[in-house]
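Chain by chain, the residues:
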Amino acid sequence: MIKLHDKYFKPFLREEQILAAVKSIAQKVAADYKDEVPVFVGVLNGCFMFVADFLKEYPYACEVSFIKLSSYQGLTSTGIVETLLDIPDNLEGKSVIILEDIIDSGRTLKELIHLFNNTNVKEYKVASLFYKSEVYNGEYAIDYVGIDIPDKFIVGYGLDYDELGRNLREVYQLNQKHMINLVLFGKPGAGKGTQAAFLKEQYNLKHISTGDVFRYNIKNSTELGNLAKSYMDKGDLVPDEVTIKMLQDEVEKHSDASGFIFDGFPRTVAQAKALDEFLRTKDMKIDATLALDANDEVLIQRLLERGKVSGRTDDQDESKIRNRFEEYNQKTAPLQAYYESQGKFHSVNGIGEIEDITRRLAKVIEEL
């Protein structure tokens, strides 16, 4: 995903798909106009990449000019089409092909038709690289179409969001605001923290680590921190309702987030149910639980190497590591069954390059 201004956009069309569509349009136009010299009129600003690549594919003699219209501000059309650069004067008696980057509602096309009806051109036709057939009013014929796309706001390959994104070689579509809440599981050494850091940046999520939340509250002597410490000092488990209240405070502190990654909680089915109930009060839910799956022997070697650097004694003793794995298995198994019953449990291969693992996780998230 990419971020332009305040919006996130996700991949939509690859460069090779776009160039294939441009080539297809150029070939069709060439077949119709090979015996004359047409004038290609690009509609600025969005058409500049389309026109440049189109001309590279067009095999015969031609002329090129530009016109500039505007009807968009930000994500929406103003409904008013302004002519900022008028039709050139030397088109009389010539065949004109208007090159549009995108046709959606048809307002801009209507203005183009009006402008060219008042000229003495031999004929004019319209070629549009992108075409939103489901919203086009159908008033005028579009003679050449590259790619029929759904009614989504797109950027890239000349198209912009408040002037950003025009230089992208591929096309991205607006990622509609959708809150994503994840629970991240993983054995010690599986790279849970590393992946959480990538995911929170990529999807504008808030990473809530139970350990970090506890340490913050205890260090700052908050009411909840002092309460939790009173249990810990007696060797008792901190009640679930205290932990849930800490998490609730974290969620409410970050209401602008597009979702949350819960790390280290829940650890039991009772905690999972408590988390679900809390999220329901916020009109939220857990969308998926992601478990980084990794071979024990690979992780043991990884932790032993980490122990040499970190100095952590629990990373230097293989028997302690195996005990931690067994504890993880015992705690996670019931949770796996709980989330599987909801269709929310996803096991992801956690071995390989960091970027590859991130892509695997992203694939699951994109399909939610």
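Scoring rules and cut-offs
Residues numbered from 1 in each chain as written. Predicted model: local features only at pLDDT ≥ 70, side-chain atom pairs only at ≥ 80, totals over all residues. Heavy atoms only, no water. Helix = DSSP H or I, 4+ residues; strand = E, 2+ residues; numbered from the N terminus. Expected span 1.5 Å × (residues − 1). Buried < 20%, exposed > 50% of the residue type's maximum accessible area, 1.4 Å probe, protein only. Contact = heavy atoms within 4.5 Å. Salt bridge = Lys/Arg side-chain N within 4 Å of Asp/Glu carboxyl O. Phe/Tyr/Trp six-rings, centres within 6.5 Å; stacked < 30°, edge-to-face > 60°. Lys NZ or Arg CZ within 6 Å of the ring centre and 35° of its normal.

## So, helix 7 (residues 240-253)
Stage number 1. The end-to-end C-alpha distance of helix 7 is 20 Å, a good match for the 20 Å that 14 residues give at a rise of 1.5 Å each.
Stage number 2. Residues of helix 7 that are buried include every one of Val 242, Thr 243, Ile 244, Met 246, Leu 247, Glu 250 and Val 251, and no others.
Stage number 3. Where helix 7 is buried, its residues contact strand 12 (206-209), helix 5 (210-219), helix 6 (223-233), strand 13 (259-263) and helix 8 (269-281).

## Section: the pattern of salt bridges
Stage number 1. Scanning all chains against the criterion turns up 25 salt bridges.
Stage number 2. A salt bridge links Glu 327 to Lys 331; the shortest N-O distance between them is 3.1 Å. In this pair, Glu 327 and Lys 331 both sit in helix 10 (residues 318-340), four residues apart, roughly one turn of the helix.
Stage number 3. Using a relative accessible area of 40% as the deciding quantity, one classes Glu 327 as partly exposed.
Stage number 4. Given a relative accessible area of 36%, Lys 331 falls into the partly exposed group.
Stage number 5. Within this structure, Asp 160, Glu 163 and Arg 166 form a network of salt bridges that share partners.

## Here we look at the packing of aromatic side chains
Stage number 1. Enumeration according to the criterion identifies twelve aromatic pairs in this entry.
Stage number 2. A ring pair is formed by Phe 40 and Tyr 58, whose centres lie 4.9 Å apart and whose planes are at 80°; its orientation type is edge-to-face. Taken together, the residues span a long stretch of sequence, with Phe 40 in strand 3 (residues 39-44) and Tyr 58 in the loop between helix 2 (48-57) and strand 4 (63-73) at a distance of 18 residues.
Stage number 3. The exposure class of Tyr 58 is buried, given its relative accessible area of 6%.
Stage number 4. Here the aromatic rings of Phe 54 and Tyr 58 are separated by 6.0 Å at their centres, their planes lie at 20°, and the arrangement is stacked.
Stage number 5. For Lys 187, the ring lying beneath its charged end belongs to Phe 325, and the centroid distance is 5.4 Å.
Stage number 6. The aromatic ring of Tyr 231 is capped on one face by Lys 234, whose charged end is 5.5 Å from the ring centroid.

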